[in-house]
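Architecture and fold: a report
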Amino acid sequence: MSQIIGFPRIGENRELKRALESFWAGKISQNELEKVAKELRAKHWAEQKELENVCVNDFSFYDNVLDLAYALGAKPARFQHLSGLEGYFAMARGHKDGQACAMTKWFNTNYHFVVPELSSSDTYKVNASAIIDQYKEAKALGYKPKIALVGLFTFVALSTITQGEFAEVFDAVKSAYFTLLDELAKLDSSVLIEFSEPIFTRGVDERFYHLIKPTYDAIANKGIKAVVTSFFEHSNEASEILLESKIYGLGLDFVYGEKNTQILPALAKSDKLLFAGVIDGRNIWIADLESKLALLEQIATHIPKERVIISSSCSLLHAPYSKSAETKIDSEILSWLSFGLDKVQELLVLDALFKAPSDEARAKLTHNQALIAARKSSCKIHDSAIKARLESTLKTARDESFAARIKAQRAALAYPNLATTTIGSFPQTQEIRTLRLGYKKGAISKEQYDDGIKAYIKDCIAFQEEIGLDVLVHGEPERNDMVEYFGEQMKGFVFSQNAWVQSYGSRCVKPPIIYGDVSRPKAMTLEWITYAQSLTTKLVKGMLTGPVTILNWSFVRDDVPRSVVCKQIALGIADEIDDLQKAGIKIIQVDEAAFKEGYPLRAENIAEYESWALECFKLATAIAESSTQIHTHMCYSEFNDIIKTIEALDADVISIETARSGNRLLQVFKEVGYTHEIGPGVYDIHSPRIPSVEELEGQIRALLEVLPKEQLWINPDCGLKTRKWEEVKPSLANLVKATKNVLHTLQ
Ligand code: GLN
Ligand code: ZN
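Overview of the structure. If you're wondering where the values come from, they're calculated on a predicted model, not measured in any experiment.

With respect to the overall build of the protein
Within the protein, the regular secondary structure consists of 27 helices and 25 strands. Viewed in the frame of its principal axes, the protein has a C-alpha envelope of about 75 × 60 × 50 Å. Relative to its 747 residues, the protein shows a buried fraction of 60%. In the protein, once contacts between residues fewer than 6 apart in sequence are set aside, the share between residues at least 24 apart is 77%. Summing over all exposed atoms, the protein offers an accessible surface of approximately 29000 Å²; the carbon and sulfur share of this is 51%.

Quick word on the sheet that holds strand S24 (residues 677–680)
If you trace the 6 strands from one edge of the open sheet to the other, you get S14-S19-S21-S22-S23-S24, paired in parallel fashion. In this open sheet, the two strands that pair with only one neighbour each are strand S14 (471–472) and S24. Pairing of strand S19 (residues 539–545) with strand S21 (residues 587–591) involves 5 bridges; the strand directions are parallel. Bridge pairing in S21 links glycine 542 to isoleucine 588.

Things to note about the coordination of the zinc ion (ligand 2)
The coordination sphere of the zinc ion (ligand 2) contains the protein donors His633 (NE2), Cys635 (SG) and Cys718 (SG), at a distance range of 2.0 to 2.2 Å. Read in sequence order, the donor residues coordinating the zinc ion (ligand 2) give the pattern H-x1-C-x82-C. Of the two residues, histidine 633 is situated in strand S22 (residues 629–634) and cysteine 718 in the loop between strand S25 (713–714) and helix H27 (725–746); the sequence distance between them amounts to 85 residues.

Comments concerning the packing of aromatic side chains
Overall, the coordinates contain 38 aromatic pairs when judged by the stated rule. Centre to centre, the rings of tryptophan 106 and phenylalanine 107 are 5.0 Å apart; their planes meet at 85 degrees, and the pair counts as edge-to-face. The class of tryptophan 106 is buried, set by a relative accessible area of 8%. Between the aromatic rings of phenylalanine 426 and tryptophan 725, the centroid separation amounts to 5.5 Å while the plane-to-plane angle is 25 degrees, which identifies the pairing as stacked. Taken together, the positions of phenylalanine 426 in the loop between strand S13 (419–420) and helix H17 (430–440) and tryptophan 725 in helix H27 put the pair 299 residues apart, joining distant regions of the chain. An aromatic cluster is present here, built from Phe153, Phe166, Phe170, Tyr177, Phe195, Phe200, Phe208, Tyr209 and Tyr216 joined pairwise through their rings.

Section: the packing of helix H7 (residues 166–185) against helix H8 (residues 212–221)
Look at H7 against H8: their axes get within 11 Å of each other, and the N-to-C directions meet at 20 degrees. Taken together, the axes of H7 and H8 are roughly parallel relative to one another. Both H7 and H8 take part in a crossing whose hand is right-handed. Residues Phe170, Lys174, Tyr177, Phe178 and Leu181 of H7 lie in contact with H8, whose contacting residues are Thr215, Ala218 and Ile219.

Here's the deal with the pairing of strand S9 (residues 225–229)
Counted residue by residue, S9 has 4 buried out of 5 residues, so it is predominantly covered. Sheet topology note: the strand S8 (residues 192–196)/S9 ladder contains 5 bridges and is parallel. The residue bridging isoleucine 193 from the neighbouring strand is alanine 226, located in S9. The β-α-β motif built from S8, the intervening H8 and the parallel element S9 has right-handed crossover chirality.

Quick word on the site of ligand 1
Surveying the vicinity of ligand 1 reveals the residues Ile423, Gly424, Ser425, Glu476, Met482, Met543, Asp591, Ala593, His633, Cys635, Cys718 and Gly719. Here a nitrogen atom of ligand 1 and a backbone polar atom of isoleucine 423 are 3.1 Å apart. In this structure, a nitrogen atom belonging to ligand 1 sits 2.9 Å away from a side-chain N or O atom of glutamate 476. Burial of ligand 1 by the surrounding chains reaches 91%, relative to a free accessible area of 290 Å².

Description of the side chain of glutamate 576
Residue position: glutamate 576 is located in helix H22 (residues 562–582). On the accessibility criterion, glutamate 576 (0% relative accessible area) is buried. Every residue in contact with glutamate 576, bar those within four places of it in the chain, is listed here: Arg520, Lys522, Ala523, Met524, Thr525, Leu526 and Leu544.

Overview of the side chain of glutamate 727
Tracing the sequence through the fold places glutamate 727 in helix H27. Look past the residues within four positions of glutamate 727 in its chain and what remains in contact with it is Pro688 and Ile690.

Let's talk about helix H1 (residues 15–24)
Those residues of H1 that fall on the buried side of the exposure criterion are Leu16, Lys17, Ala19, Leu20 and Phe23. At its buried positions, H1 is contacted by helix H2 (30–47) and helix H4 (84–93). Within two residues after H1, glycine 26 carries a phi angle of roughly 75 degrees, on the positive side.

Here we look at helix H3 (residues 64–72)
With 9 of 9 residues buried, H3 is to be regarded as a mostly interior element. Inspection of H3 places Asn64, Val65, Leu66, Asp67, Leu68, Ala69, Tyr70, Ala71 and Leu72 among the buried residues, and these make up the whole buried set. Here the buried face of H3 lies against H4, strand S4 (112–114), strand S6 (145–150), helix H6 (152–158) and H7. Backbone geometry just downstream of H3 places glycine 73 in the positive-phi region, at approximately 80 degrees.

Details of the sheet that holds strand S15 (residues 491–494)
Here 3 strands make up an open sheet; going across it, the order is S15-S18-S20 and the pairing mixed. The strands lining the two open edges of the sheet, one partner per strand, are S15 and strand S20 (555–556). When strand S18 (residues 513–519) meets S20, the two strands line up parallel, connected through 2 bridges. Among the inter-strand pairings, isoleucine 513 is bridged to a residue of S20, identified as phenylalanine 555. On the sheet, H22 packs against S18 and S20 and is oriented at approximately 55 degrees with respect to S18.

What about unusual backbone geometry?
Note: most residues except glycine have negative phi, and most peptide bonds are trans. Its identity as a non-glycine residue notwithstanding, serine 190 has a phi of 45 degrees, on the positive side. Residue position: serine 190 is located in the loop between H7 and S8.

A few points about the packing of H1 against H2
The geometry of H1 relative to H2 is characterised by a closest axis approach of 9 Å and an angle of 170 degrees between their N-to-C directions. With respect to each other, H1 and H2 are oriented roughly antiparallel. Between H1, through Glu15, Leu16, Ala19, Leu20 and Phe23, and H2, the contact on the second element is made entirely by Gln30, Leu33, Val36, Leu40 and Lys43.

Details of the environment of histidine 81
Looking at the secondary structure, you find histidine 81 in the loop between H3 and H4. When its relative accessible area of 53% is taken as the criterion, histidine 81 is described as exposed. Considering only alpha carbons, one finds histidine 81 and aspartate 97, 16 residues apart in sequence, at a separation of 9.7 Å. A distance of 2.7 Å separates a polar atom in the side chain of histidine 81 from a polar atom in the side chain of aspartate 97.

Section: the pattern of salt bridges
In this structure the tally under the stated criterion is 45 salt bridges. Linking lysine 43 and glutamate 12 is a salt bridge whose minimum nitrogen-to-oxygen distance equals 2.8 Å. Remark: glutamate 12 occurs in the loop between strand S1 (2–3) and H1 and lysine 43 occurs in helix H2; sequence separation between them is 31 residues. The partly exposed category is assigned to lysine 43, whose relative accessible area is 31%. Across the pair aspartate 652 and arginine 405 runs a salt bridge whose closest N-O atoms are separated by 2.9 Å. Here arginine 405 lies in helix H16 (residues 402–413) and aspartate 652 lies in the loop between helix H24 (643–649) and strand S23 (653–656), a separation of 247 residues in the sequence. Residue aspartate 652 shares its accessibility class with arginine 405, and that shared class is buried. A network of salt bridges, in which partner residues are shared, links Arg375, Lys387, Asp517, Arg557, Asp558 and Asp559.

Some points on the environment of tyrosine 609
By the secondary structure assignment, tyrosine 609 is in helix H23 (residues 603–621). The spatial distance from the C-alpha of tyrosine 609 to the C-alpha of serine 563 is 8.3 Å, given a sequence separation of 46 residues. Among all residues touching tyrosine 609, those that are not within four sequence positions of it are Val548, Asn552, Phe595, Gly598, Tyr599 and Pro600.

Reading the values: the criteria
- Residues numbered from 1 in each chain as written.
- Chains lettered and ligands numbered in written order.
- Predicted model: local features only at pLDDT ≥ 70, side-chain atom pairs only at ≥ 80, totals over all residues.
- Heavy atoms only, no water.
- Helix = DSSP H or I, 4+ residues; strand = E, 2+ residues; numbered from the N terminus.
- Buried < 20%, exposed > 50% of the residue type's maximum accessible area, 1.4 Å probe, protein only.
- Contact = heavy atoms within 4.5 Å.
- Areas by Shrake-Rupley, 256 points an atom, 1.4 Å probe, with all protein chains shown as cover.
- Pairing = 2+ DSSP bridges.
- Donors = N, O, S within 2.8 Å, 3.2 Å for Na, K, Ca; no water.
- Phe/Tyr/Trp six-rings, centres within 6.5 Å; stacked < 30°, edge-to-face > 60°.
- Axes fitted to C-alpha atoms, helices over the stretch in contact; angles between N-to-C directions.
- Parallel < 35°, antiparallel > 145°, perpendicular 65-115°, else oblique.
- Left-handed = near helix turned anticlockwise from the far one by under 90°.
- Right-handed = clockwise from strand over helix to strand, strands pointing away.
- Near = heavy atom within 4 Å.
- Polar contact = N/O pair within 3.5 Å; in protein donor to acceptor, adjacent residues only side chain to side chain.
- Salt bridge = Lys/Arg side-chain N within 4 Å of Asp/Glu carboxyl O.

Treat this as a map of the structure, not an account of what it does.
Below, the structure is given as structure tokens:
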């Protein structure tokens, strides 16, 4: 038997995205939106029909955590008066009556969930109808449904508790959750529910570990066949407890949680089924069926095969839908890729091979073995030059200490205290998008394209000079995306046409695919940066994306460690920095927007990640001469846990996202005696609001309460590409004015 934990819901051609955006724009009715949803569900179930069951309630108009909050009636007070889709989308996207709930990353994926707000004074009004309707829909179509539900522990642990103690809130939510389950239990005799409990991979949480057994016992007592599944890591602490409970099955990730095998002897002694997650649900490479089979046989030395159900490691939500639209990827590389639909097939073949091998399944195994062997030895993935370079002695530290460097930089660059700058991108106008697209499609010549980009850069520089910013940027008009732009110019990357995965709501991303050894054949940014510098006597900052961010926002090959791939990228970035400094660029920013995203879920693995991620950043930047100033930028505000690592990056200047938290989050830099320069964002670029001079002065003064003027830079929170010129122009002009006013009072 085989199954999956969830299916990609956005649709083969992002039909759900289109329908949602049309609905939000008032172009289609709720009925029309629901019709699209129903058709998608039917189509997705049809793709799962050969599996043991089809997933119900993995579908969502926005996010599954939000779905559960809504089904429980856990609405923040500001939206209590709203109902139906209006209330639902208010929580997701905001409403005239109140701000949206926060959104944050789903564990270590690039999927974002809506963070529920819970309070001990809430009264819950449960409404199970959405789940019940979908269950009936699947049954009416003749399928055997399994309900996918976010587990109670994961739900509460991921929520923000706005009032009251954890225990109090947990009890209130539990009773609502149980009411919901009572409704679901009526659907069938022993309805099958797979409870997603990825929170268990984080290890013991004293707040709720003692509650796991009684809670799941009570759930099983409702006559529900409860499968409790964790993913993205091992969850041995919780598994031990769950084996003592009355649950029906335990779902474990054997792709990212190798240590889950440690629980097998204990599991063997219990009566539970094992839902063995062996097909990678979140990467895109074909499975090595022979080794998967070996793993399953090892599992079978403990647990009888009838008790093993073969599953995906996590929901296929994190994988693209199908390869059918990929006409441009090299056919050999394409043969190594496995998207959602292929993964379902892999599960079926594996199941046949494991239980009752048919000739057909054997033939598929042989074919798979041939592909795996071909991939291993393909000249497309091996580059001996880069391998040799990695083996050589590499420079991983700047020549001089920060104290010596900053002296040289201050002398050479002569920028003032509270120097003003931006994070890199300027508004991406429709015009510039059309230009890039036209050039890509061949409708626009290279000359026309270059002229268009140059015109943008020229305007951008002129504007920055006019308002008096200290360090200028070229505005990034040539970049569609900060990772794609670099990936497209490096060897070892390939780009799909349709491998979209949901990031949040209707937003999808199409991550680059790193299939082979990475190298940089020639300069990637030199032309535009030096052009920008040629237009002004002020300093122009060169703009690069860092190796860790490029890695964390890509689908990465699984045949070598991530650290090795990251090092290869780092060497390419180092070469780029060297080209820029040789061409007279004195300040270079290496963006590490996704540095924090790669952090492992388990505390015991953090040191290892930090050590190689740090090494890669240093490998990329160590080439900078003492007088070349290295900036980095991170889209975060919480640095408490990682401040030592941030310090160790040894970037001369770091800009961070702090506008929404005033000077509170800056304290940690002071506490650890951070000496390098910092540009805390003084206004929030995620909103169209134009900050006034007074407000910005207030922000700057608040920063000065924590750190001295010699250490501070003044800049917005993040890049400005999503904003409009009408917003950016006055905002930046006010930023410069406010800085001057403050400086004036300090003299
Ligand atoms: N330089 C990039 C920009 O300004 C940085 C964006 C980011 O960190 N997300 O767009
Ligand atoms: Zn940012």
